[in-house]
Amino acid sequence: MAEVVGVRFKEVGKIYYFAPGETQLVPGDMVIVETARGVECGQIATGNKQVDDSEIVHPLKDIIRKATDADIKKMEQNRELEKKAYDIALRKIADHGLEMKLVNVEYTFDGSKILFYFTADGRVDFRALVKDLASVFKTRIELRQIGVRDEAKMLGGLGVCGKQFCCSSFLGEFQPVSIKMAKEQGLSLSPVKISGTCGRLMCCLKYEQEAYTDLLRNTPKTGAIVKTPQGRGTVVEVSLLTGTLKVKMDNTPPEAAPQSFKVKEVRLVRDGSIRIDKKELEELKGLE
């Protein structure tokens, strides 16, 4: 076991563990730490606590000190410098005729490096741009190509639900989301209905997946053969949340409407399966 504190460097970002030493810290405290990209100022997300060694990435770095008023002022100055650097970088990208979209600019706390985040459809040769920016800012320059999900997280916005993006409001890390989840939840596989503003599958598909997975264990799937109080039939429609099945009865004419039964009223003879055909998968492949 080791005593750690959790530090976050962005408002909604990943939490990293550091060793607090003799210092007692509480959520909201600002601290100065050394990271892989240099000295940074971060905010305590979780106070002093004991965690198992298996949860720690060694070597565990120490908290250098609590942030002072001068440190906070320096961070504010960096935010102003970032705005100016963004405008300059936009002009330089246009001058070099590069097919890339600048998303954000970050100064490290000590000003030893400036990071420019961008999106692009493919690889971009930005070596000349880096040299040009370095000659302007007289410091280390790093360009990082990010995905559309990361872009949405950085910029923020409102989703189709009318609320702030999950990724920019409370999701510290992205969770894997798949087409299979949408299919299992009985959602329309129209890209417009299951994708977010970023153009990828909505993160919220993950939230209820565990509940749907549990329901699917005890609910016959579409295509299942079941025995009902009215006889044997084939499941043609499933409502997981209400626990209702629509069954096409074997003892009724082909044109007869399916009958509704509760899951507890039927006995499974042979289960069906949830499948995504190759054509659907190919059309939706870019959403994952």
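Before reading on, note that the structure itself is shown above.
To start, this report covers the structure provided alongside it.

Scoring rules and cut-offs
Residues numbered from 1 in each chain as written. Predicted model: local features only at pLDDT ≥ 70, side-chain atom pairs only at ≥ 80, totals over all residues. Heavy atoms only, no water. Helix = DSSP H or I, 4+ residues; strand = E, 2+ residues; numbered from the N terminus. Rg over C-alpha atoms; globule rule 2.2 N^0.38 Å. Buried < 20%, exposed > 50% of the residue type's maximum accessible area, 1.4 Å probe, protein only. Contact = heavy atoms within 4.5 Å. Areas by Shrake-Rupley, 256 points an atom, 1.4 Å probe, with all protein chains shown as cover. Lys, Arg positive; Asp, Glu negative; His and termini not counted. Charge placed at Lys NZ, Arg CZ, Asp CG, Glu CD. Salt bridge = Lys/Arg side-chain N within 4 Å of Asp/Glu carboxyl O. Axes fitted to C-alpha atoms, helices over the stretch in contact; angles between N-to-C directions. Parallel < 35°, antiparallel > 145°, perpendicular 65-115°, else oblique. Left-handed = near helix turned anticlockwise from the far one by under 90°. Arc of directions from axis to C-beta. Core = buried A, V, L, I, M, F, W, Y, C linked by side-chain atoms within 4.5 Å. Pairing = 2+ DSSP bridges. 1 Å grid on protein atoms, 1.4 Å probe; cavity = no way out; pocket = protein on both sides within 12 Å on 5 of 7 lines; lining within 4 Å. Points joined across faces, edges and corners; volume = space filled by probe spheres on them. Polar contact = N/O pair within 3.5 Å; in protein donor to acceptor, adjacent residues only side chain to side chain. Patch = residues over 30% accessible without salt bridge, like charges linked within 9 Å, V, L, I, M, F, W, Y side chains within 5 Å.

**Observations concerning the overall build of the chain**
Helices and strands together make up the secondary structure of the chain, namely 8 helices and 13 strands. What you see for the chain is a C-alpha radius of gyration of 27 Å, clearly larger than the 19 Å of a compact globule of 288 residues, by over 25%. By principal-axis analysis of the C-alpha atoms, the chain measures approximately 80 × 55 × 30 Å. When the 288 residues of the chain are sorted by exposure, 35% land in the buried category. Counted over contacts in the chain with a minimum sequence separation of 6, partners at least 24 positions apart contribute 56%. Looking at the chain as shown, the accessible area adds up to about 17,400 Å², and 51% of this sits on carbon and sulfur atoms. Of note, the chain has its 45 positive side-chain charges centred 4 Å away from the centre of its 41 negative side-chain charges.

**Some thoughts on the pattern of salt bridges**
Side chains carrying opposite charge are able to pair once their charged atoms draw close together. In this structure the tally under the stated criterion is 13 salt bridges. For Lys113, the salt bridge identified is with Glu142, shortest N-O distance 3.1 Å. Pair noted here: Lys113 is in strand 7 (residues 113-119) and Glu142 is in strand 8 (residues 140-145), with a separation of 29 residues, a long-range link. On the accessibility criterion, Lys113 (6% relative accessible area) is buried. Classification of Glu142 as partly exposed rests on a relative accessible area of 23%. Between Asp271 and Lys221 there is a salt bridge, and its shortest N-O distance comes to 3.1 Å. Here the residue Asp271 occupies a position in the loop between strand 13 (267-270) and helix 8 (278-284), and Lys221 occupies one in the loop between helix 7 (209-218) and strand 9 (225-228), the gap between them amounting to 50 residues.

**Concerning the packing of helix 1 (residues 69-96) against helix 2 (residues 127-137)**
The interhelical angle for the contact between helix 1 and helix 2, taken along N-to-C directions, is 140 degrees, at an axis separation of 10 Å. Classified by the angle their axes make, helix 1 and helix 2 are oblique. With respect to the hand of their crossing, helix 1 and helix 2 are arranged in right-handed fashion. Note on element contacts: helix 2 touches helix 1 through Ala128, Leu129, Asp132, Leu133, Val136 and Phe137, opposite Ala85, Ile88, Ala89, Lys92, Ile93 and His96.

**Topic: helix 2**
All of the buried residues along helix 2 are Leu129, Leu133 and Phe137. An end-on view of helix 2 places all buried positions within 55 degrees of arc, on one side of the element. Relative to its buried face, helix 2 has exposed residues pointing more than 90 degrees away, namely Arg127 and Lys131. Buried-residue contacts for helix 2 involve helix 1, strand 6 (101-107), strand 7 and strand 8. Where helix 2 terminates, the next one or two residues include Lys138, which has phi positive at roughly 55 degrees.

**Here's the deal with the nonpolar core**
Among the nonpolar cores identified, the biggest contains 17 residues, and Met100, Phe116, Leu133, Phe137 and Leu143 are the most heavily contacted of them. At the level of secondary structure, the elements contributing two or more residues to this core comprise helix 1, strand 6, strand 7, helix 2 and strand 8. Not counting residues within four places of it along the chain, the set of residues in contact with Met100 comprises Ile93, Phe118, Thr119, Ala120, Val124, Leu129 and Leu143. In this structure, Ile179, Met181, Ala182 and Leu284 belong to the second largest nonpolar core, which totals 10 residues.

**Brief notes about the sheet that holds strand 1 (residues 2-8)**
The sheet built from 5 strands is open, its strands ordered 2-1-4-3-5 with antiparallel pairing. Pairing within the sheet leaves two strands with one partner each, and these edge strands are strand 2 (15-18) and strand 5 (63-66). Here the average twist between neighbouring strands, direction ignored, is 45 degrees. As defined by bridge partners, strand 3 (residues 30-35) adjoins strand 4 (residues 38-51) across 6 bridges and the pair is classed as antiparallel. Each residue of the ladder has a partner; that of Val31, found in strand 4, is Gly42. Lying over the sheet, helix 1 contacts strand 3, strand 4 and strand 5, oriented at roughly 70 degrees with respect to strand 3.

**Points about the layout of surface pockets**
In this structure, the largest pocket encloses a volume near 1,600 Å³. Surrounding the largest pocket, 48 residues form its lining, Arg8, Phe9, Lys10, Gly13 and Tyr16 being those nearest its centre. Of all the secondary structure elements, the ones that give two or more residues to the lining of the largest pocket are strand 2, strand 3, strand 4, helix 1, strand 6, helix 3 (148-155) and helix 4 (166-169).

**A look at the side chain of Thr219**
Within the secondary structure, Thr219 sits in the loop between helix 7 and strand 9. What makes Thr219 buried here is its relative accessible area of 8%. Here the side chain of Thr219 touches Leu215 through a polar contact of 2.7 Å, landing on its backbone oxygen. Each residue touching Thr219, except ones within four places of it in the same chain, is listed here: Val238, Leu240, Leu245 and Val263.

**A word on a positive patch on the surface**
A surface patch of positive charge is lined by Lys227, Arg232, Arg267 and Arg270. The topology assignment puts Arg232 in strand 10 (residues 231-239).

Limitation: the analysis is restricted to geometry and does not speak to function.
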